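Understanding the architecture of this molecule
Okay, here's what each chain looks like letter by letter:
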Amino acid sequence: MALVSCGRLLPHSFPSPSISSSSPPRYPTLPLFLPRVLIPHRGGGSSRSGTLSTATGVGTCRTSQAIDLFPSVWPEVTVRDARLEDCWEVADTHCRCFFPDYTFPIDLVLRIDRFVGLLSGFSVPPGCMRTCLVAVTGSSVNDNLYIGCEDLKIGGFEGKFSINRGSVAGILTVDTVADFLPRKGPLRQRRTGIAYISNVAVREADRRRGIAKMLIAKAEARARSWGCRSMALHCDINNLVATRLYKGQGFKCIKVPDFAKWPEPKTSPALRFNFMMKLLTPNATP
Ligand SMILES: CC(=O)SCCNC(=O)CCNC(=O)[C@H](O)C(C)(C)COP(=O)(O)OP(=O)(O)OC[C@H]1O[C@@H](n2cnc3c(N)ncnc32)[C@H](O)[C@@H]1OP(=O)(O)O
C-alpha cells in the first residue's frame, strides 16, 4: 500500500517511517514518560493543503491573536513522542490529511494498513534514529496513569495505555535514515547529521493554531539531541500552505542540480517537490 508523505503518495508502507524507533542499543523503545513540552496554543480556522488563505482577520492568518485574547477557549496542546495507544489516531490523522477524499471501504483499509504498519514497522538501519511526534489536545496535565504491564512490548511500543492521553491533532515523523537524501562518496554511504522530516499533518479542525509549528520546533529539538546540524524535507511544489509553513520556520528551497537524480519521495510522476533545508545552530534553544 502506498504511503503518503510530503502531502502525497509514497512508495512503500507508512509503517517504517513513522513511530519512534532506533537501532539497538542506542534507544530501545518509545519512552512513555518523556518530559512533555507544553506549548501555548494558537488560533483556529482550517485550510486545505495547496491553497493559501486570502482572507484576513480571525480564522485566517493570525488567529493566534484571537487565542491570545481568549486563551481558555482553546485546549492545551502537548507535543510528545507517539505511543502505542496513539497508533490508530496517528493512522487516522495521516489518512484524513493526505487522503481526505477517500471513502468507505478504501479509507478503512488504508487506516488499517497504516495502523498495522505502525505496530510492525520499527526497524531502522544501524546507527539511525526515527521518531513520530504527536500533538495532543485535551490530555490531562498528569497523564502518568497507565494500565498495562511494564515489560509488555508491542511493535516496539511499551504495552501500557495512558488513561488520560488526550486526542491526536497532528503528527510529524523525523528520522536520520536519509533515504531521501543524496548518498555520499563512491560507496554511496548514507548522509549523516541531517534529520529528515515527513508526514507532517494536522487535523483540519485543529489547523491554524500553530500546531505544525510546534511539531517542527519539537522535531528540531530532537534533531539537535541526535547531533544533527541540519534538517531537510521534500514539499510538493503546489502545496503552498506547507511551503509557507516551512519557509516561516527557516527552511530554504535548495536547488537540486540538473540531472543530479537526487532521491525523492516516490509519488505520481506528475508531482514535483521542493527540496528544503534548514541549518541548525548548535546551541539555540528550541
Ligand atoms: C514534509 C511534509 O510532510 S509536507 C506535507 C504537509 N502536510 C499537508 O499538506 C497535509 C495537509 N495540511 C495540513 O495538515 C496543515 O495544513 C499543515 C500541516 C500544512 C499546517 O498545519 P497548521 O497546524 O495549520 O499550521 P500552523 O497553524 O502551525 O501554521 C504555521 C504557518 O503555516 C502557514 N499556514 C498554515 N495554514 C495556512 C493557510 N491556510 N493559509 C496561509 N498560510 C498558512 C502560515 O505561514 C502559518 O504561520 P502564521 O500563522 O504565523 O501565519
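In this report, we go over the structure that sits alongside the text. Everything numeric here is computed off the predicted structure, so don't read it as measured data.

Along its length, the protein carries 5 helices and 13 strands. Looking at the protein as a whole, 50% of its 286 residues are labelled buried. The contacts in the protein between residues at least 6 apart in sequence include a share of 79% that link residues at least 24 apart.

This part takes up the state of the cysteines. Linking two cysteines covalently via their sulfur atoms produces the bond known as a disulfide. Considering all chains together, one arrives at 0 disulfides under this definition. The thiol of Cys95 is unpaired, and the distance to the nearest cysteine sulfur, on Cys97, comes to 9.4 Å. Judged by relative accessible area, which is 0%, Cys95 ranks as buried. Not engaged in a disulfide, the cysteine Cys228 finds its nearest cysteine sulfur in Cys128; these two sulfurs lie 10.0 Å apart.

Regular strands have side chains that alternate between both faces of the sheet. The buried count for strand β13 (residues 273–279) comes to 5 of 7 residues, which makes it a mostly enclosed element. In this structure, strand β12 (residues 252–254) lies alongside β13, joined through 3 bridges in antiparallel fashion. Each residue of the ladder has a partner; that of Ile254, found in β13, is Phe275.

Turning our attention to the environment of Asn274. With respect to the helices and strands, Asn274 occurs in strand β13. In sequence terms Asn274 and Cys235 are 39 residues apart; their C-alpha atoms lie 5.2 Å from each other. The contact partners of Asn274, leaving out residues within four places of it in the chain, are Leu233, His234, Cys235, Ile237, Thr243 and Cys253.

Let us now look at helix α2 (residues 87–98). A rise of 1.5 Å per residue sets the reference length of α2, with its 12 residues, at 16 Å; its end C-alpha atoms lie 16 Å apart and thus fit the reference within 8%. All of the buried residues along α2 are Cys87, Glu89, Val90, Ala91, Asp92, Thr93, His94, Cys95, Cys97 and Phe98.

Attention now goes to the pairing of strand β9 (residues 167–175). Of all 9 residues in β9, 8 are buried; the element is thus mostly enclosed. The pairing of strand β6 (residues 129–137) with β9 spans 8 bridges and is classified as antiparallel. Note that in β9 the partner of Leu133 across the bridge is Leu172. In this structure, β9 lies alongside strand β10 (residues 194–202), joined through 5 bridges in antiparallel fashion. Across the sheet, residue Asp175 finds its bridge partner in β10, namely Tyr196.

Moving on to helix α4 (residues 211–225). The end-to-end C-alpha separation of α4 is 21 Å, in line with the 21 Å expected for 15 residues at 1.5 Å each. Counting buried positions over the 15 residues of α4 gives 11, a clear majority of the element. Along α4, the residues that are buried comprise Ile211, Ala212, Met214, Leu215, Ile216, Lys218, Ala219, Glu220, Arg222, Ala223 and Arg224. Downstream of α4 by a residue or two, Gly227 has a phi angle that is positive, lying close to 85 degrees.

This part covers a nonpolar patch on the surface. On the surface, Trp88, Phe104, Leu108, Ile112 and Val116 cluster together to form a nonpolar patch covering roughly 490 Å² of accessible area. If one sorts the elements of the nonpolar patch by residue count, helix α3 (residues 106–120) sits on top with 3 residues. Position of Ile112 among the secondary structure elements: in helix α3.

So, how was this worked out
- Residues numbered from 1 in each chain as written.
- Predicted model: local features only at pLDDT ≥ 70, side-chain atom pairs only at ≥ 80, totals over all residues.
- Heavy atoms only, no water.
- Helix = DSSP H or I, 4+ residues; strand = E, 2+ residues; numbered from the N terminus.
- Buried < 20%, exposed > 50% of the residue type's maximum accessible area, 1.4 Å probe, protein only.
- Contact = heavy atoms within 4.5 Å.
- Disulfide = S-S within 2.5 Å.
- Pairing = 2+ DSSP bridges.
- Expected span 1.5 Å × (residues − 1).
- Patch = residues over 30% accessible without salt bridge, like charges linked within 9 Å, V, L, I, M, F, W, Y side chains within 5 Å.
- Areas by Shrake-Rupley, 256 points an atom, 1.4 Å probe, with all protein chains shown as cover.
- Salt bridge = Lys/Arg side-chain N within 4 Å of Asp/Glu carboxyl O.

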